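Now for the letters of each chain:
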Amino acid sequence: MSVLGEHLTDDQAMNLAMLEAEKGAGFVSPNPMVGCVILDSHGRFLSKGYHKIFGGPHAEINALEGLSLEQLESARVFVTLEPCAHEGKTPSCAKALARLPLKEVIYGLVDPNPLVAGSGANIISEAGIKTTLYNKNHENLEEVCEHFLMNFRSQRPFVSVKIASSLDGQLGLKTGESKWITGEVSRQKSRYLRAIHDVTVVGKNTLLMDDPQLNIRHDNFPEKENKILILDSTGECLKFPGLRIFETHRPENIFVAVSDSMNHAEGPAENKTERDSSSLAQVLKVQRHPQGGLNLNELLRKLWKLGVKSVFVEGGAQAVSSFIEQKEAHRLYLFQAPILLGANSGKPWSEGVSIKKMSDRISLKNPKIQRLESDLLITGRLF
Ligand SMILES: NC(=O)c1ccc[n+]([C@@H]2O[C@H](COP(=O)([O-])OP(=O)(O)OC[C@H]3O[C@@H](n4cnc5c(N)ncnc54)[C@H](OP(=O)(O)O)[C@@H]3O)[C@@H](O)[C@H]2O)c1
């Protein structure tokens, strides 16, 4: 926690800018999360800011708010992403910075758009202000805006898979009982993660066995509604309109992915008049995958066309496993509780994943471990 006037090193300033950026999670998509920290001419903390809401002022403008030209004389600005050159919903941040008596602007990542990369920095340096691409912590800086970078570079949604597991890798018992594996703090964090993704994905078995609501229920997001996607090749869940998921979410916010061989009508739920099986949800037809289940690549391409930028897969075992097996999962969130459920009695969360040789093992990139009361949250990049 930085206080006005505290001396910060460059690394501390950029780390603080990254923490600021994270505060925009769940509010700025499809824009990137960006944070900014300003130090005065003596390297003392002056202010910080972040991009708070899509369409609202960018991080740099929020950090500059209330500062006088005197305070900004020879100040240094740290920002996690190159200041924008273009005028969109808001004026160009690069032009705003170029008008100030700054000494230096240090930015964490180059604009990912190759057509405009460097233009923001050019506008600032042409005004006589030094611009520096920060040459450390690249992985963590990319991680701050990984949804945006995936969307921009690959034109596809970012996919996170989440599982609550025992120490011995079980997500529940073979009997189907799985409540609760982890403690309340982990479950709250999980609802936070649900809130910062556009769509929550669940397998049919979990839906029918657990009857979850899968809504957000997190104090930071009192108004936010998530979308739901149910993996269900035959559309069986549509026979159960009493499921809590259909009571909790509006039909236009629920997708059911079925096999393209089914004769369910594809199309938006709002075009359907009655709340019968065909009006509970929007049906998406996709091919089956040769290894079983639905073809997730095709499904994600359909979701992208519908404007979905990020997906949070919440189980069960087959759903999570198949996103990993089909190499369509970008980040793993594993909540691990200090309990044992036993290999004979438990259901392993990775039951659908096969590794033939040790050299094929899947290693998390840039793994991080966080303690949540007596649980651990282990996260890292998959593919
Ligand atoms: N601890 C946790 O974090 C956690 C989280 C969620 C659930 N659970 C537990 O997990 C258990 C259920 O897990 P589960 O593995 O049996 O089922 P699941 O993953 O919930 O559902 C699997 C079903 O989804 C359908 N599906 C369609 N396309 C798929 C695809 N590409 N990949 C995977 N599934 C696809 C398949 O049914 P069709 O063939 O009919 O399409 C498949 O049988 C329950 O006991 C639940 O309580 C635990």
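Residues numbered from 1 in each chain as written. Predicted model: local features only at pLDDT ≥ 70, side-chain atom pairs only at ≥ 80, totals over all residues.

*Asks:* I'd like a description of the overall build of the protein chain, backed by residues and values.
*Replies:* For the protein chain, the count of helices and strands is 12 helices and 16 strands. The globule rule puts the C-alpha radius of gyration for 383 residues at 21 Å, and the 23 Å found for the protein chain is close to it. With respect to the principal axes defined by its C-alpha atoms, the protein chain has extents near 65 × 50 × 40 Å. Burial status across the protein chain gives 44% buried among its 383 residues. Intrachain contacts of the protein chain at a sequence separation of at least 6 include 73% that bridge at least 24 residues. (Helix = DSSP H or I, 4+ residues; strand = E, 2+ residues; numbered from the N terminus. Rg over C-alpha atoms; globule rule 2.2 N^0.38 Å. Buried ≥ 20, exposed ≤ 12 C-beta atoms within 10 Å, placed from the backbone. Contact = placed C-beta atoms within 7 Å.)

*Asks:* Requested: an account of the sheet that holds strand S12 (residues 310-313), with residues and values cited.
*Replies:* Within a sheet, adjacent strands bond to each other through the backbone by hydrogen bonds, running parallel or antiparallel. Taken together, nine strands build an open sheet; the order of strands is S11-S10-S9-S8-S12-S6-S13-S16-S15 and the sheet is mixed. Across the chains shown, the open sheet's two edge strands, defined by having one partner strand only, are strand S11 (282-286) and strand S15 (365-372). Looking at each pair of strands side by side, their axes are set apart by 20° on average, direction ignored. On top of the sheet, helix H8 (residues 184-195) reaches strand S6 (158-165), strand S8 (199-203), S12, strand S13 (331-336), S15 and strand S16 (375-381); it is set at about 165° to S6, its chief contact. (Pairing = 2+ DSSP bridges. Axes fitted to C-alpha atoms, helices over the stretch in contact; angles between N-to-C directions.)

*Asks:* Give me the lowdown on the site of the ligand, citing residues and values where you can.
*Replies:* Around the ligand lies a shell of 27 residues, among which Gly203, Ser233, Gly293, Gly315 and Gly316 are the nearest. Secondary-structure elements contributing two or more residues to the shell around the ligand are S6, strand S7 (170-173), helix H9 (204-210) and helix H12 (317-325). Of the residues forming the shell around the ligand, the biggest block, five residues, is contributed by H9. Among the residues forming the shell around the ligand, the class breakdown is 10 nonpolar, 13 polar and four charged. (Near = placed C-beta within 6 Å. Nonpolar A, V, L, I, M, F, W, Y, C, P; charged D, E, K, R; others polar.)

*Asks:* Explain the domain arrangement of the protein chain to me, using residue names and the numbers behind them.
*Replies:* Structurally, the protein chain comprises domain 1 (10-144) and domain 2 (156-381). A C-alpha centroid distance of 35 Å is found between domain 1 and domain 2. Every contact between the two is made by six residues of domain 1 and, on the other side, eight residues of domain 2. (Domains from an automatic or database assignment.)

*Asks:* Requested: an account of the nonpolar core, with residues and values cited.
*Replies:* Counting residues in hydrophobic clusters, the biggest one holds 56 residues, and the most contacted among them are Val256 and Ala257. Excluding its chain neighbours within four sequence positions, the residues that come into contact with Ala257 are Leu229, Ile230, Leu231, Asp232, Leu284, Val286, Leu294 and Leu299. Listed in part, the 43 residues of the second largest apolar core include Ile38, Leu81, Leu97 and Val144. (Core = buried A, V, L, I, M, F, W, Y, C linked by C-beta atoms within 7 Å.)

*Asks:* How would you sum up the environment of Val311? Please name residues and give values.
*Replies:* Mapped onto the fold, Val311 is located in strand S12. Residues Val311 and Ser29 lie 282 residues apart in sequence; the distance between their C-alpha atoms is 12 Å. Look past the residues within four positions of Val311 in its chain and what remains in contact with it is Pro157, Val159, His197, Asp198, Val199, Val201 and Leu303.

*Asks:* Quick rundown of the sheet that holds strand S4 (residues 104-107)? Include the residues and the values.
*Replies:* The mixed open sheet is built from five strands, whose spatial order is S2-S1-S3-S4-S5. Since the sheet does not close on itself, it has two edges, and those belong to strand S2 (45-50) and strand S5 (130-133), each with one partner. Ignoring strand direction, the axes of neighbouring strands in this sheet form an average angle of 15°. Sheet topology places S4 next to S5; four bridges connect them, and they run parallel. Of the residues in S5, the one forming a bridge with Tyr107 is Leu133. Helix-sheet contacts for helix H1 (residues 10-22) involve strand S1 (35-39), S2, strand S3 (76-79) and S4, and the interaxial angle to S1 is about 145°. Sheet contacts for helix H5 (residues 119-126): S4 and S5; angle to S5, the most-contacted strand, approximately 150°.

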